[in-house]
Amino acid sequence: MSTIGVENHTENVPPSSPIHSSRYETYASNPANQVKSIVTARFTTVVGFFRTIYGILNVIALVCVLISAGLADSNTARLTDGLGYISNVKISAYHTRNSILAFAVIVLLLVLVDTILYATGFIKRLPKIFDLIFMITMFVMAAVLLILGCCSSAWAKKGYDTKVGVGSAWGNIAAAIASAIFLFIAMIAIIANYAIRICRPLQRDKY
């Protein structure tokens, strides 16, 4: 066979040859590799955020607000208000309970939005003014949690003044006190979180 024949044979390799098959397999495997790399990058971003002080404080705030909302019982609040004439505390336990539930939902949504934005890296698509507005909003929510914590403490005092029975009464008072404590912890976590962000801003490119 001549040299020309060998060259023509090499150039006219059929599509089913190993050369074309390997190229086809390489191109076919690219989408799967891309999806895998995207998922891995997202997972790394989420884990990286929760390892920071910001992610930890967000989790603390979420847990504490949930516990405070769970401890606020409507039946106990109504009973305490029904015997309110015995106590000098004029704060309505029932309205305090409803306020705790309402603002707990608001704070939960805000903290979840903040966590999702940074954990997924979507924050990079938003303008920087969003951070300032969000920080102001969270500081306002922290002030609200402080007020609710004080009201919950007054609820506990009112419950102590109007306690009926032994076991259930002390349990209800303890629930109101615990609700106040967890509200204070959530408030501190939120203030610490965003105060740190002011002193050491989060790097948007990192998340």
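Computed from a predicted model, the values in this text were never measured in an experiment.

S.K.: Would you mind showing me how to read the overall build of the protein chain here?
M.R.: Looking only at helices and strands, the protein chain has seven helices and zero strands in total. When each of the 207 residues of the protein chain is scored for burial, the buried share is 36%. Restricting the contact set of the protein chain to residue pairs at least 6 apart, pairs at least 24 apart contribute 82%.

S.K.: What is the right way to read the nonpolar core from this model?
M.R.: One recurring pattern in soluble globular proteins is that nonpolar side chains are buried together. Val 65, Val 107, Met 138, Leu 145, Trp 155, Ile 190 and Tyr 194 are the most contacted members of the largest nonpolar core, which totals 33 residues. Secondary-structure elements contributing two or more residues to this core are helix H3 (53-71), helix H5 (93-120), helix H6 (129-161) and helix H7 (167-199). Here the element with the most residues in this core is H6; it accounts for ten residues. Of the residues that make up this core, three or more belong to each of domain 1 (32-125) and domain 2 (126-206). Val 107 has contacts with Val 65, Met 141, Leu 145 and Ile 190, leaving out every residue within four places of it along the chain.

S.K.: Sorry if this is basic, but what is going on with the packing of aromatic side chains here?
M.R.: Two descriptors summarise a pair of aromatic rings, namely the distance from one centre to the other and the angle between the planes of the rings. For the coordinates displayed, the defined rule picks out three aromatic pairs. With a centroid separation of 6.4 Å and 40° between ring planes, the pair formed by Phe 134 and Tyr 194 is classed as tilted. With a gap of 60 residues between them, Phe 134 in helix H6 and Tyr 194 in helix H7 connect regions that are remote in the sequence. Geometrically, the ring pair formed by Phe 139 and Tyr 194 is edge-to-face, given 6.4 Å between the ring centres and 65° between the ring planes. Remark: Tyr 194 occurs in helix H7 and Phe 139 occurs in helix H6; sequence separation between them is 55 residues. Under the relative-accessibility criterion, Tyr 194 is labelled buried at 2%. A connected cluster of aromatic rings, assembled from ring pairs, spans Phe 130, Phe 134, Phe 139 and Tyr 194.

S.K.: Help me understand the UniProt feature "transmembrane region" (unreviewed entry) in the protein chain, please; the structure alone is not making it clear to me.
M.R.: UniProt feature "transmembrane region" (unreviewed entry): in the numbering of this structure it lies at residues 52-72, 100-120, 132-155 and 175-196. Secondary structure content for residues 52-72 is 90% helix and 0% strand, while the C-alpha to C-alpha distance between its ends is 31 Å. Segment residues 100-120 splits into 100% helix and 0% strand. End C-alpha atoms: 29 Å apart.

S.K.: How do you make sense of the packing of helix H4 (residues 74-82) against H6 when you look at a structure like this?
M.R.: Geometrically, a packed helix pair is captured by the angle between its two axes and the distance between the axes. One way to put it is that H4 packs onto H6 with a least axis distance of 9 Å and a crossing angle of 60°. By the angle class used here, H4 and H6 are oblique. Classified by chirality, the crossing of H6 by H4 is left-handed. Seen from H4, the contacting residues are Ala 77, Thr 80 and Asp 81; seen from H6, they are Trp 155, Lys 158 and Gly 159. Class assignment for the residues of the contact of H4 with H6 results in two nonpolar, two polar and two charged.

S.K.: Would you explain the side chain of Thr 115 in this entry?
M.R.: Along the chain, Thr 115 falls in helix H5. Judged by relative accessible area, Thr 115 falls into the buried class, the value being 8%. Side chain to side chain, Thr 115 and Asn 58 meet in a polar contact 3.0 Å long.

S.K.: For this particular structure, what's the right way to read the state of the cysteines?
M.R.: All told, the structure shown has zero disulfides when counted by the stated rule. The closest cysteine sulfur to the non-disulfide-bonded Cys 150 is located on Cys 151, 6.9 Å from its own sulfur.

S.K.: Would you mind going over the pattern of salt bridges with me for this structure?
M.R.: Note that side chains of opposite charge can pair when their charged atoms are close. All chains considered together, the criterion is met by two salt bridges. With a shortest N-O distance of 2.7 Å, Arg 197 and Asp 114 are connected by a salt bridge. A residue pair is termed long-range when its members are at least 10 positions apart, and Arg 197 in helix H7 and Asp 114 in helix H5 qualify at 83 residues. Two residues, Lys 157 and Asp 161, come together in a salt bridge whose shortest N-O distance is 2.8 Å. In this pair, Lys 157 and Asp 161 both sit in helix H6, four residues apart, roughly one turn of the helix. Looking at Lys 157, the relative accessible area reads 43%, which means it is partly exposed. Assessed through its relative accessible area of 25%, Asp 161 is described here as partly exposed.

The rules behind the values
- Residues numbered from 1 in each chain as written.
- Predicted model: local features only at pLDDT ≥ 70, side-chain atom pairs only at ≥ 80, totals over all residues.
- Heavy atoms only, no water.
- Helix = DSSP H or I, 4+ residues; strand = E, 2+ residues; numbered from the N terminus.
- Buried < 20%, exposed > 50% of the residue type's maximum accessible area, 1.4 Å probe, protein only.
- Contact = heavy atoms within 4.5 Å.
- Core = buried A, V, L, I, M, F, W, Y, C linked by side-chain atoms within 4.5 Å.
- Domains from an automatic or database assignment.
- Phe/Tyr/Trp six-rings, centres within 6.5 Å; stacked < 30°, edge-to-face > 60°.
- UniProt positions renumbered as here; feature names shortened; annotations may be inferred.
- Axes fitted to C-alpha atoms, helices over the stretch in contact; angles between N-to-C directions.
- Parallel < 35°, antiparallel > 145°, perpendicular 65-115°, else oblique.
- Left-handed = near helix turned anticlockwise from the far one by under 90°.
- Nonpolar A, V, L, I, M, F, W, Y, C, P; charged D, E, K, R; others polar.
- Polar contact = N/O pair within 3.5 Å; in protein donor to acceptor, adjacent residues only side chain to side chain.
- Disulfide = S-S within 2.5 Å.
- Salt bridge = Lys/Arg side-chain N within 4 Å of Asp/Glu carboxyl O.

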